[in-house]
Amino acid sequence: MRVFQLIYTSQPSEAFKQDFRAGLASILGSCRRHNAKSQITGALLFDEHHFIQLLEGDRQSVNEISSRIARDGRHRNTVIVSAEECEARSFPAWAMAFIDISQTPSPLLPHDIAGEASPASASSQSLKAFITTEIAKARRLEITGAKAA
Ligand SMILES: Cc1cc2nc3c(=O)[nH]c(=O)nc-3n(C[C@H](O)[C@H](O)[C@H](O)COP(=O)(O)O)c2cc1C
């Protein structure tokens, strides 16, 4: 079966930033409750200023979950970077991998004139490459026993 894959970026709301640890714990709780049931896999990357999320599964499930996420007041300025059908999942093992990218300066992401990373203006290829690299790093950290973020 072909897989539908969606990548978007957004920005946490001011309220979310005030207590982002609690906010992230709540979002990851929702992921655990819903994603496995709907056979959604993917990754959620976060720094203080951005979310980057890749969701993959059948088209209807991805559409349902992404419309719910888009209505969530904990983030804003949602920009869809890519939405496409693929032959296979990129992250079959992850109901939702969570990666803290706050310490990750990346040459793969464009930067705005103030030097801030600007994932919303990245191409879908470079954003996907960035997510894949970050997941691979997190895996390596797990294998060596260090704490992944
Ligand atoms: C950046 C972001 C990413 C989210 N990702 C998911 C997700 O992958 N799966 C999910 O079920 N909810 C996700 N949510 C939460 C949903 O918007 C929504 O609050 C939740 O699915 C509602 O279900 P619940 O009442 O069982 O928690 C996300 C929210 C935000 C702000």
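Residues numbered from 1 in each chain as written. Predicted model: local features only at pLDDT ≥ 70, side-chain atom pairs only at ≥ 80, totals over all residues.

Asks: Explain the site of the ligand here, please?
Replies: Near the ligand, the surroundings consist of 17 residues, among which Ser30, His34, Phe51, Asp72 and Arg74 are the closest. For the shell around the ligand, the elements supplying multiple residues, two or more each, are helix H2 (20–34), strand S3 (51–57) and helix H3 (59–70). Tallying contributions element by element places H2 first for the shell around the ligand, with five residues. For the shell around the ligand, the per-class residue count stands at seven nonpolar, six polar and four charged. (Near = placed C-beta within 6 Å. Helix = DSSP H or I, 4+ residues; strand = E, 2+ residues; numbered from the N terminus. Nonpolar A, V, L, I, M, F, W, Y, C, P; charged D, E, K, R; others polar.)

Asks: Which parts of the structure should I look at to understand the nonpolar core?
Replies: Core analysis: the largest hydrophobic core is formed by 29 residues, its most contacted members being Ala43, Leu45, Leu127 and Ile131. Counting only elements with at least two residues in this core, the list comes to strand S1 (3–12), H2, strand S2 (41–46), S3, H3 and helix H4 (124–143). With residues near it in sequence (within four places) discarded, leucine 127 still touches Ile7, Ile52, Val81, Pro119 and Ala122. (Core = buried A, V, L, I, M, F, W, Y, C linked by C-beta atoms within 7 Å. Buried ≥ 20, exposed ≤ 12 C-beta atoms within 10 Å, placed from the backbone. Contact = placed C-beta atoms within 7 Å.)

Asks: Teacher, can you tell me more about the UniProt feature "domain: BLUF" (unreviewed entry) in the protein chain here?
Replies: UniProt annotation of "domain: BLUF" (unreviewed entry) refers to residues 3–97 when read in the numbering used here. The span residues 3–97 is 34% helical and 38% strand by assignment, and the distance between its end C-alpha atoms comes to 18 Å. (UniProt positions renumbered as here; feature names shortened; annotations may be inferred.)

Asks: Would you take a moment to explain H3 for this structure?
Replies: Because the α-helix completes a turn every 3.6 residues, residues three or four places apart line up on one side. Compared with an ideal rise of 1.5 Å per residue, which puts twelve residues at 16 Å, H3 spans 16 Å between its outermost C-alpha atoms and is within 8% of the ideal. Within the span of H3, buried status applies to Val62, Ile65 and Ile69. The buried residues of H3 occupy an angular sector of 75 degrees when projected down its axis, which confines them to one face. Those residues of H3 that are exposed and aimed more than 90 degrees away from the buried face are Gln60, Ser67, Arg68 and Ala70. Residues of H3 that are buried make contact with S1, H2 and S3. (Expected span 1.5 Å × (residues − 1). Arc of directions from axis to C-beta.)

Asks: Just to check I follow, could you spell out the pairing of S2 for this structure?
Replies: Regular strands show a simple pattern: their side chains alternate between the two faces of the sheet. Burial analysis of S2 places six of its six residues in the buried class, the great majority of the element. Judged by which residues are buried, S2 turns out to be covered on both faces: Thr41, Ala43 and Leu45 on one side and Gly42, Leu44 and Phe46 on the other are all buried. Note: S2 against S3, six bridges, orientation antiparallel. In the strand pairing of S3, leucine 44 is matched with glutamine 53. Remark: four residues form the turn of the hairpin made by S2 and S3, two consecutive strands paired antiparallel. Bridging between S2 and strand S5 (residues 97–100) involves four bridges; their strand directions are parallel. Each residue of the ladder has a partner; that of leucine 45, found in S5, is isoleucine 99. (Pairing = 2+ DSSP bridges.)

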